[in-house]
Amino acid sequence: MTAAALAAQPRPLESIESVVIRFCGDSGDGMQLAGTQFTNVSAVFGNDVSTLPDFPAEIRAPAGSLAGVSGYQLCFSSHEIYTPGDEVDTLVAMNPAALKTNLGDLHSGGTLIVNEDAFDKSSLAKAQYSTNPLADSRITSNYRVHNVPMTRLTRDAVEGLGLSQREADRCKNFFALGLVYWLYDRDPEPTRHWIRDKFAKKPQFAEANLRALQAGINYGDSTEAFAVHYRVPPAKLAPGRYRKITGNEALALAMATAPRLTGKDVFYAGYPITPASDILHQLSELKNFGVKTFQAEDEIAAVTSAIGAAFGGAIAVTGSSGPGIALKGEGIGLAVMTELPLVIIDVQRGGPSTGLPTKTEQSDLLLASFGRNGDCPLPILAAQSPGDCFTMMLEALRIAVGFMTPVFLLTDGYIANGAEPWAIPKLADLHPIPVHHPAEPPTNGDPFQPYLRDEHLVRPWAIPGTAGLEHRIGGIEKADVTGNICYDAENHQHMTRIRAQKVANVAAAIPPQPVDGPASGDLLVVSWGGTFGAVRTATTAARRQGQSVAHAHLRYLNPFPANLGEVLRSYRRVLVPELNTGQLRMLLRATFLVDAIGFNKVQGKPFLVAELVSAIRDALEA
């Protein structure tokens, strides 16, 4: 049989349960776009999806350098998944630097697709290769390597459209995407629709990208290099209407929903900072839903303008990342002293200082707990996944309004930029958030008392300008009940305790701590924030191996759920994995006197499931 006849034969289509793919290349190669489109197509098909975008920290690192590599990893599956995967099944590397920084994550025998046109002498030198790795037997024997001339084939595909060479080369991400679509039997039509919409005013570029996409599909279909391609069936997700969502998108949608639940406009004030900036970007497009956004000149102006909005009766939110939260500290203390409802979103990243601006970390828990002068407690919540950001944003608003207090909501870079399928809730199924403003002065003729508290120690939220409800607020200590300036020593101690007790009272308004696994046993693994998926997967795997392991994931970090102490005492050992040096572990040991042990990682990367499985085994054997 001739080579042409062999190529015409339909390739076997093998069904597999899940796949981990990583696109990587220069920051200008469009890897985030390729990964996002593959994610969208897989979500439309019905797979469960989890993603991990990986951005370079440099705004524009030198082309082809190790520091400029951008990556996008996704896992798509026919069953429920919680992480974007540990080892990579298929790695698409657009240049030598991408290969060098990512090859170690490709499992032995995995598929390696490289743009061989990029492996010239100059690019190899930038990636610090002395010889061409594509000729290295250690690579060719350990992986299924496919050297594809993507640049040349893309240029051939767009020939005749009048594009410059640079414009033509920018289409090669769609060639790579088309090839991987063919490899995993994906329907390219949603991406075709996206290209037509995106470049509706530039039909020349639309046609170029469509041709490049089809050229990649055709290459996979015609080359003899791929002996088989694969299909991942749809997952059996709960019935409902789904969309792909990132953590930052979920926060924005929750704030756009809040006016329907509160009857009040939302005011969001922020200052650009990675990885929180997209919250402001998303919200600025939702002004028709009762949302007002303000890009302040700095972090201090952002938090104080939000406090002003809260004083005026709006639902007030500000957001930032670690360095910006540090700058907001005095303003947050003012919100605590004035007892105004305010939600502070902290999208955590690697620190200290500028640290790792595009990498994930869980290093701000102690900052949220204690990073203000004076005794200054406030409730702290943490989302566990991109979709959970929607739920916890509304929960933070409920607590802030219900207890007249600022509330911290912690997410992280992994949650903020990662994506998953999200079941869109019906508005009728969401609980209203009651807001009450006193409208009239006391009927007995007494003056309005702005710090007269209810049974939960919550003061009234009077809108300034309401006749008979005139009052003043500020950062100087208040006299109990009247709110007048007061320097009395005993009053200060009394008010300090009152504010702390009001926060402690939140414990009665939050659910008890759930546990996944046995109610007692050898080991309890306690996690918080974006580590949820990896820890849940690891503890489930441990139980399948017959180990007595349970998982408690905390979404309420101050106050802790009322039953948490009892839960911790029900197990012989407690293991606390964190992407920091042990912040939650410190709080648990101090609060409950439990001899918790830590498993800590501070590399700007999320936990691997394999790392946690090993840590669980070590803890059980200790």
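The structure presented is a predicted model; accordingly, all values stated were derived computationally and were not measured.

1. What to know about the overall build of the protein
For the protein, the count of helices and strands is 22 helices and 21 strands. For 622 residues, the compact-globule estimate of 2.2 N^0.38 gives 25 Å, and the C-alpha radius of gyration of the protein, at 27 Å, lies within 12% of that figure. The principal-axis extents of the C-alpha atoms in the protein amount to approximately 100 × 60 × 50 Å. In the protein, which comprises 622 residues, the proportion classed as buried is 56%. Counting contacts in the protein only where the partners sit at least 6 residues apart, residues at least 24 apart contribute 77% of the total.

2. Comments concerning helix H9 (residues 189-198)
A turn of α-helix holds 3.6 residues, and therefore any two residues three or four places apart point the same way. For H9, the set of buried residues is Thr191, Arg192 and Ile195. When H9 is viewed along its axis, its buried side chains cluster within an angular range of 105 degrees and face the same direction. Where H9 is buried, its residues touch helix H2 (31-45), helix H8 (172-183) and helix H10 (203-222).

3. Comments concerning empty space enclosed by the protein
Counting across every chain of the model gives three cavities of 30 Å³ or more. Of the voids in this model, the largest cavity is the one considered here, and its volume is about 50 Å³. It is helix H18 (residues 489-504) that contributes the most residues to the lining of the largest cavity, three residues altogether. Counted by class, the lining of the largest cavity contains five nonpolar, one polar and three charged residues.

4. Brief notes about the domain arrangement of the protein
According to the domain assignment, the protein consists of domain 1 (3-231), domain 2 (243-429) and domain 3 (521-621). For domain 2 versus domain 3, the separation of C-alpha centres amounts to 26 Å. Contacts between the two partners involve 28 residues from domain 2 and, on the opposite side, 22 residues from domain 3. Summed over the three residues of domain 2 that lose the most area to domain 3, namely Gln362, Leu365 and Gln384, the buried surface amounts to 35% of that side. In this structure, Asp388 and Arg555 form a salt bridge, with 2.6 Å as the shortest nitrogen-oxygen distance. Summed over the shared surface of domain 2 and domain 3, the result is 14 residue pairs in polar contact (both at pLDDT 80 or more). Listing elements by their share of the side of domain 2 that touches domain 3, those giving two or more residues are helix H15 (365-370), strand S14 (380-382), helix H16 (388-403), strand S15 (406-412) and helix H17 (413-417).

5. Examining the sheet that holds strand S18 (residues 549-554)
One open sheet holds the four strands; their spatial order is S18-S17-S20-S21, and the pairing between them is parallel. In this open sheet, the two edge strands, each paired with only one partner strand, are S18 and strand S21 (597-600). Taken pair by pair, the neighbouring strands of this sheet meet at an average axis angle of 25 degrees, ignoring direction. Sheet analysis places strand S17 (residues 521-528) next to S18, joined by six bridges and oriented parallel. Paired with Ser527 across the strands is His553, a residue of S18. Relative to strand S20 (residues 571-578), helix H21 (residues 583-592) is tilted by about 145 degrees, and along the sheet it contacts S17, S18, S20 and S21. The strands touched by helix H22 (residues 609-621) are S17, S18, S20 and S21; relative to S20, the strand with the most contacts, the crossing angle is about 150 degrees.

The rules we used
- Residues numbered from 1 in each chain as written.
- Predicted model: local features only at pLDDT ≥ 70, side-chain atom pairs only at ≥ 80, totals over all residues.
- Heavy atoms only, no water.
- Helix = DSSP H or I, 4+ residues; strand = E, 2+ residues; numbered from the N terminus.
- Rg over C-alpha atoms; globule rule 2.2 N^0.38 Å.
- Buried < 20%, exposed > 50% of the residue type's maximum accessible area, 1.4 Å probe, protein only.
- Contact = heavy atoms within 4.5 Å.
- Arc of directions from axis to C-beta.
- 1 Å grid on protein atoms, 1.4 Å probe; cavity = no way out; pocket = protein on both sides within 12 Å on 5 of 7 lines; lining within 4 Å.
- Points joined across faces, edges and corners; volume = space filled by probe spheres on them.
- Nonpolar A, V, L, I, M, F, W, Y, C, P; charged D, E, K, R; others polar.
- Domains from an automatic or database assignment.
- Buried area = accessible area lost by both parts, 1.4 Å probe.
- Salt bridge = Lys/Arg side-chain N within 4 Å of Asp/Glu carboxyl O.
- Polar contact = N/O pair within 3.5 Å; in protein donor to acceptor, adjacent residues only side chain to side chain.
- Pairing = 2+ DSSP bridges.
- Axes fitted to C-alpha atoms, helices over the stretch in contact; angles between N-to-C directions.

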